[in-house]
Amino acid sequence: MNLTLVTPPASEPVTVDEVKLHTRIDDDFEEALLQLWIVSARIQAEDFQHRAYITQVRELSFDYFPRLPICLPRSPVQEVTSFKYYDYQNTETVFSLDNLLIDTDSEPARITLSHGILYPSVTLRAMNAVKIRYTAGYGDSASDVPQTVKEAIMLYCTHRYDNRDAEKPPAEFFNMLRPDRVHL
């Protein structure tokens, strides 16, 4: 199984100005560094929580038809957009979404085959033979992201600002994110 980011989020959950206010930074000298920390914090938070914050497109790949139900590793899932497979001659076939039951209400979201539907009997290529593409995230803007996530990101940035040599986030960062973690 491999999870790929196809389309990254168009924005971040917090802005540089919000982090500057939170950290009490008055000058503009370190804005580029703060932006890097915001992105780093968001990526680590999303990985820890198994969530997507701002709308993004993900692709989940398998070397074989996966065991059912298939759990999608980033929540919340807005929609599943495609389910494709490739045979040993590298011919792409689109598996109709009508053949699937897609549960986006669960966390993680799940996919299974509709009643009476079976996976096709086909020899798949050796690697990345099945690809599921989906859109995940709370919404298109920072206002859609939970406040605790924003606070954790600002805490991370403050920690990095105060501890320039820090190699890992503070424990409080993960403690703030833990209650809403999706368990896969």
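Just above, that's the structure.
Rules behind the numbers
Residues numbered from 1 in each chain as written. Predicted model: local features only at pLDDT ≥ 70, side-chain atom pairs only at ≥ 80, totals over all residues. Heavy atoms only, no water. Helix = DSSP H or I, 4+ residues; strand = E, 2+ residues; numbered from the N terminus. Buried < 20%, exposed > 50% of the residue type's maximum accessible area, 1.4 Å probe, protein only. Areas by Shrake-Rupley, 256 points an atom, 1.4 Å probe, with all protein chains shown as cover. Pairing = 2+ DSSP bridges. Phe/Tyr/Trp six-rings, centres within 6.5 Å; stacked < 30°, edge-to-face > 60°. Axes fitted to C-alpha atoms, helices over the stretch in contact; angles between N-to-C directions. Parallel < 35°, antiparallel > 145°, perpendicular 65-115°, else oblique. Contact = heavy atoms within 4.5 Å. Nonpolar A, V, L, I, M, F, W, Y, C, P; charged D, E, K, R; others polar. Left-handed = near helix turned anticlockwise from the far one by under 90°. Expected span 1.5 Å × (residues − 1).

**Side note on the overall build of the protein**
Then, in step 1: Scanning the protein from N- to C-terminus turns up 4 helices and 8 strands.
Then, in step 2: In sequence order, the protein lays out its α and β elements as β-α-α-β-β-β-β-β-β-β-α-α.
Then, in step 3: Its C-alpha atoms give the protein principal-axis dimensions of about 65 × 30 × 25 Å.
Then, in step 4: The buried share of the protein, reckoned over its 184 residues, is 44%.
Then, in step 5: Of the accessible surface of the protein, which amounts to about 10100 Å², a share of 50% is contributed by carbon and sulfur atoms.

**What to know about the sheet that holds strand S3 (residues 70–71)**
Then, in step 1: An order of S3-S7-S6 is seen for the 3 strands of this open sheet, with the pairing classed as antiparallel. Edge strands, defined here as strands with exactly one partner in the open sheet, are S3 and strand S6 (100–103).
Then, in step 2: Direction of pairing for S3 relative to strand S7 (residues 110–113): antiparallel, over a ladder of 2 bridges. Across the sheet, the residue bridging to Ile70 is Ile111, located in S7.

**Side note on the packing of aromatic side chains**
Then, in step 1: According to the stated counting rule, one finds 9 aromatic pairs in the structure shown.
Then, in step 2: Aromatic side chains Phe65 and Tyr85 sit 5.4 Å apart centroid to centroid with 65° between the ring planes, which places their arrangement in the edge-to-face category. Of this pair, Phe65 sits in the loop between strand S2 (56–62) and S3 while Tyr85 sits in strand S4 (residues 77–86); the two residues are 20 residues apart in sequence, bridging distant segments of the chain. Comparing Phe65 with Tyr85 shows no difference in burial state: the two are buried.
Then, in step 3: Pairing Phe173 with Phe174 gives two aromatic rings, centres 5.1 Å apart and planes at 75°, and the pair type is edge-to-face.
Then, in step 4: These aromatic residues form a ring-pair network of at least three members: Phe65, Phe83, Tyr85, Phe95 and Tyr119.

**Some remarks on the packing of helix H1 (residues 16–23) against helix H2 (residues 31–49)**
The geometry of a pair of packed helices is captured by two quantities: the angle between their axes and the separation between those axes.
Then, in step 1: Viewed as axis vectors pointing N to C, H1 and H2 meet at an angle of 100°, and their least axial separation amounts to 10 Å. In terms of axis orientation, H1 runs roughly perpendicular to H2. Of the residues in H2, those in contact with Val16, Val19 and Lys20 of H1 are Glu31, Leu34, Gln35 and Ile38.
Then, in step 2: Grouping the amino acids of the contact of H1 with H2 by side-chain chemistry returns 4 nonpolar, 1 polar and 2 charged.

**Quick word on the packing of H2 against helix H3 (residues 147–162)**
Then, in step 1: Where H2 meets H3, the axes come as close as 9 Å, and the angle between the chain directions of the two elements is 130°. Taken together, the axes of H2 and H3 lie oblique to each other. Helix-helix and strand crossings are classified by hand; for H2 and H3 the assignment is right-handed. Residues Leu34, Trp37, Ile38, Ser40, Ala41, Arg42, Gln44 and Gln49 of H2 touch H3, and the partners they reach there are Val149, Ile153, Tyr156, Cys157, Arg160 and Tyr161.
Then, in step 2: Class assignment for the residues of the contact of H2 with H3 results in 9 nonpolar, 3 polar and 2 charged.

**Things to note about H3**
Then, in step 1: In a regular helix each residue adds 1.5 Å, so 16 residues correspond to 22 Å; H3 covers 22 Å between its end C-alpha atoms and thus fits that length.
Then, in step 2: Along H3, the residues that are buried comprise Val149, Lys150, Ala152, Ile153, Met154, Tyr156, Cys157, Thr158, His159 and Arg160.
Then, in step 3: Tucked inside the fold, the buried residues of H3 contact H1, H2 and helix H4 (171–177).

**Some words on the sheet that holds S4**
Then, in step 1: On the basis of which strands lie adjacent, the open sheet formed by 5 strands has the order S1-S2-S8-S4-S5 and antiparallel pairing. Sheet topology places strand S1 (2–7) and strand S5 (92–94) at the edges, where each strand pairs with a single neighbour. The average angle at which neighbouring strand axes cross in this sheet is 25°, direction not considered.
Then, in step 2: Strand direction decides the pairing type here: S4 and S5, joined by 3 bridges, are antiparallel. Considered in S5, the bridge of Lys84 is made with Val94.

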